[in-house]
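Given next are the chains, with one letter for each unit.
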Amino acid sequence: MGTYNKGILGAFSGKVGPVVGASWRGKEVMRSLPKKSNRVATATQLLQRQKFAMVQSFLSGVNPVVKRYFGSNSGLKTRGNQAMSYLMKEALVFTDPDFEWDYSKVLISRGDLTGIEEASVDVTAGEINVMWTDNSEQGEARADDQLVLLVYDPESKTVVYSLAAGERADEATSLAMPSHLEDAEVQVWATFVSADEKRFATSLYLGAVTVI
């Protein structure tokens, strides 16, 4: 893939002969067309494709959180790229013949802000309830840090989240669930984000609960 500023024809997009022009992260780029291959994918390649598809499907739902709070957006890797790389390496377990999620290793945010402490989760009618200990002033933690909650239903691929579910000092909050998730076993994560959104914690998996 090559980059350029101003050629004799200027920037272009789409296919022209054997090359494709496009804009990528603010730069004009050209790349050659991929060659068609008649090779049959190996077992290893098929497994890698399966992993990629699983992670991509999950990220499509949690992207509003990941794109804000996962790592740094500096350099060539976006936050989404960093999350993809981490999840493929750490959060999938192969149980012949398929991969399965290890939700305890799934992260929805990754940063250096002090995280949630002594957290627990339970359910009441139509709500997920989360409790924690106020650890304000521990490290960079502040009382007005915003709690981010995310709930994921693996069966329907439904994602429910709040970017401001409460403040660190509140020590408890609830998140309403849509009626179609009744009786569903859902996965729950929580993290803290500073009020100005410049710092964020590495998320904590709170476990699986059944919506009632």
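The rules we used
Along each chain, the written sequence defines residue order, and numbers are assigned to residues from 1. Where local features are concerned, this predicted model is filtered to residues with pLDDT of at least 70; where side-chain atom pairs are given and counted, the filter is 80 or more; whole-chain, interface and lining totals use all residues. The basis for every side-chain value is the complete set of non-hydrogen atoms in the structure, without hydrogens or water. Only strands joined by at least two bridges in the DSSP assignment are considered to pair. Numbering of helices and strands runs from the N terminus; a helix is a DSSP stretch of H or I covering at least four residues, while a strand is a stretch of E covering at least two. Under this scheme, a helix contributes an axis fitted over its contacting stretch, all axes are lines through C-alpha atoms, and angles between N-to-C directions fall in the 0 to 180 degree range. In what follows, a contact means two residues having at least one pair of non-hydrogen atoms within 4.5 Å. Nine residue types can take part in a nonpolar core, namely buried Ala, Val, Leu, Ile, Met, Phe, Trp, Tyr and Cys, and a core is a set of them joined through side-chain atoms within 4.5 Å. Exposure is judged per residue with a 1.4 Å probe applied to protein chains only, and the accessible area is read against the type maximum: over 50% gives exposed, under 20% gives buried, and values in between give partly exposed. Here a patch means residues that are over 30% exposed by relative accessible area and free of salt bridges, tied together within 9 Å if like-charged and within 5 Å if nonpolar (Val, Leu, Ile, Met, Phe, Trp, Tyr). In these tables, accessible area is a Shrake-Rupley quantity obtained with a 1.4 Å probe, and a residue counts as shielded only by the protein chains included in the view. Basic side-chain nitrogens of Lys or Arg form a salt bridge, by our definition, when they fall within 4 Å of a carboxyl oxygen of Asp or Glu. Within this scheme the basic residues Lys and Arg register as positive and the acidic residues Asp and Glu register as negative, but His and the chain ends are omitted. Charge placement uses NZ in Lys and CZ in Arg. For Asp and Glu, CG and CD serve respectively.

## Thoughts on the sheet that holds strand β9 (residues 146–153)
Right, so step 1: Spatially, β10-β9-β12-β13 is the arrangement adopted by the 4 strands of the open sheet, whose pairing is antiparallel. Of all strands in the sheet, those bounded by a partner on one side alone are β10 (158–162) and β13 (204–210). The mean inter-strand angle of the sheet, taken between neighbouring strand axes irrespective of direction, is 20°.
Right, so step 2: Relative to β10, β9 runs antiparallel, the two sharing 5 bridges. Following the sheet pairing, Tyr152 is matched in β10 by Val159.
Right, so step 3: Across the sheet, helix α1 (residues 43–69) lies against β9, β10 and β12 (185–193), angled at about 170° from β9, the strand it touches most.

## A look at the nonpolar core
Right, so step 1: By size, the foremost hydrophobic cluster in this structure holds 28 residues, and its most contacted members are Leu87 and Trp101.
Right, so step 2: For this core, the element with the most residues is α1, which contributes 7 residues.
Right, so step 3: Discounting residues that sit within four places of it in the chain, Trp101 has contacts with Met54, Val55, Phe58, Leu87, Ala91, Leu92 and Val106.
Right, so step 4: Counting 23 residues, the second-largest nonpolar core is a separate cluster that includes Ile116, Val151, Val160 and Leu181.

## Considering a negative patch on the surface
Right, so step 1: Together, Asp144, Glu167, Asp170, Glu171, Asp196 and Glu197 give the surface a local cluster of negative charge.
Right, so step 2: Tracing the chain through its elements places Glu171 in the loop between β10 and β11 (172–176).
Right, so step 3: A residue is classified by how much of its surface remains accessible, and Glu171, at 34% relative accessible area, is partly exposed.

## Remarks on unusual backbone geometry
Right, so step 1: A cis geometry characterises the amide bond from Asp96 onward to Pro97, with omega recorded as 15°.
Right, so step 2: Along the chain, the position of Pro97 falls in the loop between β5 (92–95) and β6 (98–101).
Right, so step 3: Positive phi, normally seen in glycine, also occurs at Lys157, with a value near 65°.
Right, so step 4: Note that Lys157 resides in the loop between β9 and β10.
Right, so step 5: Overall, the relative accessible area of 45% leaves Lys157 in the partly exposed class.
Right, so step 6: Here Glu197, not a glycine, exhibits a phi torsion of approximately 60°, which is positive.
Right, so step 7: In this structure, Glu197 sits in the loop between β12 and β13.

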